[in-house]
Amino acid sequence: MSAIAEREVALVDLLDRLLGGGVVIAGEITLAVADVDLVHVSLRALVSSVETARPK
Amino acid sequence: MSGKSKVLAGPLDGKLDPFARELPHLGKALSRRIDADPESVEQGLAQLVLTIVELLRQLMERQALRRIDGGGLSDEQIERLGTTFMELDRRMEELREHFGLEAEDLNLDLGPLGKLL
Amino acid sequence: MIELLAITDDPSPLRSPLRLVPAGEVGVVVAPADEGEADAEALWRRESLLEDLMRERALLPIRYGTRVEDDAAAAAAVAPRAGELAAALERVRGAVEVSVRAVAAGDPEPGPGAPEAVHERLAAAARENALHAGPELLRAAYLVDDAEVDGFVAAVRALQHEHPELSILCTGPWPPYSFAEAPER
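Residues numbered from 1 in each chain as written. Chains lettered and ligands numbered in written order. Predicted model: local features only at pLDDT ≥ 70, side-chain atom pairs only at ≥ 80, totals over all residues. Heavy atoms only, no water.

With respect to the overall build of chain A
In plain terms, the rule: Each helix is a run of DSSP H or I of at least 4 residues and each strand a run of E of at least 2, with the numbering of both proceeding from the N terminus. The cut-offs for exposure are 20% and 50% of the maximum accessible area for each residue type, with area from a 1.4 Å probe on protein chains only; residues under the lower value are buried, those over the upper are exposed, and the others partly exposed. Residue burial considers only the protein chains on display, and all accessible areas are found by Shrake-Rupley using a 1.4 Å probe.
When its secondary structure is counted, chain A shows two helices and two strands. Reading chain A from its N end, one meets helices and strands in the order α-β-β-α. Within the span of chain A, comprising 56 residues, buried residues form 45% of the whole. Summing over all exposed atoms, chain A offers an accessible surface of approximately 3,000 Å²; the carbon and sulfur share of this is 57%.

Take a look at the structure:
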């Protein structure tokens, strides 16, 4: 097992954790076109639900 | 290349290839941006717009399910919600195909909401 | 912008570039946000910082790419969950995460019960376990007591010998990425 190959498989395990694991605090998404950041979206601002009053 | 190896135990034949197949695909997911092909601005804008539309569609669909589960909607309302979302889903697929976009191109990681698709 | 790296309940000071921002009963480990493109080296540097920290205190790594404006924003984002995060720290204290993946070694095809048998043996040697989705026959994370890691790795090696039809890879130790959020999520 070469050092490079070991590093690569370890990177797969690292990326799996970085992208799918860890505590999720308020997240942010950056939307970009042609490498230019255009829109910054806050998850917290996006998630809200619509409640209606219960019918009498 | 630096740092201690993270490998604690490996296969008997020492072949690690089968464990590194995802690398090219994962690299794309690193930057939480939508990368548009700069040569196709139209496709890039379509990707941007469709991602937002898909995001909203998914959020609304999940919220609709919560409302259905929670009770308080008439059978007719539930029926209409179901049909509408099926239509929206179909329409999104058509739009994606029209712009040559794969579902993966719209797949944002939304943290606590999971992945978009 | 600052990047949020980990949650800890150890108040002792951190080495630059890391800083500790108090948030109720826990603290957030922060660092100036790296503006460069994320490449493998940058990720490994970040990971090194976390792993150095992990050797001296219990921590919960935060999802990669979490950024906020400043310390006040960091405290505001974390404080509402401080109690829950303190409990999560208790769950992982004194343990590390170990990754195990298993694929078919070739001919003959592994029997349907083989990956499951491997997982059950290893789960019994760990505090907690988490099965992940992936292209392999088995992709799992195990929360293993610090003192038990060598024994765990020995168990993996033994299982590899017992199952030549499988190719098993074990990596670690990792900060508890897979055990940072409560399982009900």
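Here the narrative resumes.
Structural notes on the interface of chain A and chain C
We apply this condition: Note on definitions: a residue-residue contact is assigned when non-hydrogen atoms from the two residues lie within 4.5 Å. Accessible area that two parts lose when put together, with a 1.4 Å probe and added across both, is what the buried area reports. The salt bridge criterion pairs a side-chain nitrogen of Lys or Arg with a carboxyl oxygen of Asp or Glu, the two atoms within 4 Å. Under the rule applied, a polar contact is a pair of N or O atoms within 3.5 Å (in protein, one hydrogen donor and one hydrogen acceptor; residues adjacent in sequence only if both atoms are side-chain atoms).
Listed by partner, the interface residues are 21 residues for chain A and 34 residues for chain C. Summed over both sides, the interface between chain A and chain C buries roughly 2,400 Å², with carbon and sulfur atoms accounting for 61% of that surface. Where chain A meets chain C, there are three salt bridges. Taking the shortest distance from any N to any O, the salt bridge between R101(C) and D13(A) comes out at 2.8 Å. Between the two partners, chain A and chain C, sit 15 residue pairs in polar contact (both at pLDDT 80 or more). Here the side of chain A that touches chain C takes 13 residues from helix α1 (residues 3–20) of chain A, the largest share from any one element.

Regarding the domain arrangement of chain C
Residue and element names in this part refer to chain C. Going by this rule: Residue ranges labeled as domains rest on an automatic or database domain assignment. Any residue outside Ala, Val, Leu, Ile, Met, Phe, Trp, Tyr, Cys, Pro, Asp, Glu, Lys and Arg is labelled polar, Gly included; the first ten of those are nonpolar and the last four are charged.
We note that the domain assignment places domain 1 (2–92) and domain 2 (95–179) within chain C. If you look at the interface, domain 1 gives 11 residues, while domain 2 gives 11 residues. Carbon and sulfur atoms supply 56% of the area that domain 1 and domain 2 bury against each other, a total of about 990 Å² over both sides. Looking at the side of domain 1 facing domain 2, the largest losses of area belong to M54, R91 and V92, adding up to 54% of the total buried there. Along the contact surface separating domain 1 from domain 2 lie one salt bridge. Here R91 and E128 are joined by a salt bridge, their closest N and O atoms 2.9 Å apart. Of all elements in the fold, only α1 (40–54), β4 (59–61) and α3 (82–92) reach the threshold of two or more residues within the side of domain 1 that touches domain 2. A per-element tally of the side of domain 1 that touches domain 2 places α1 first, with six residues. Its residues placed into classes, the side of domain 1 that touches domain 2 shows six nonpolar, no polar and five charged.

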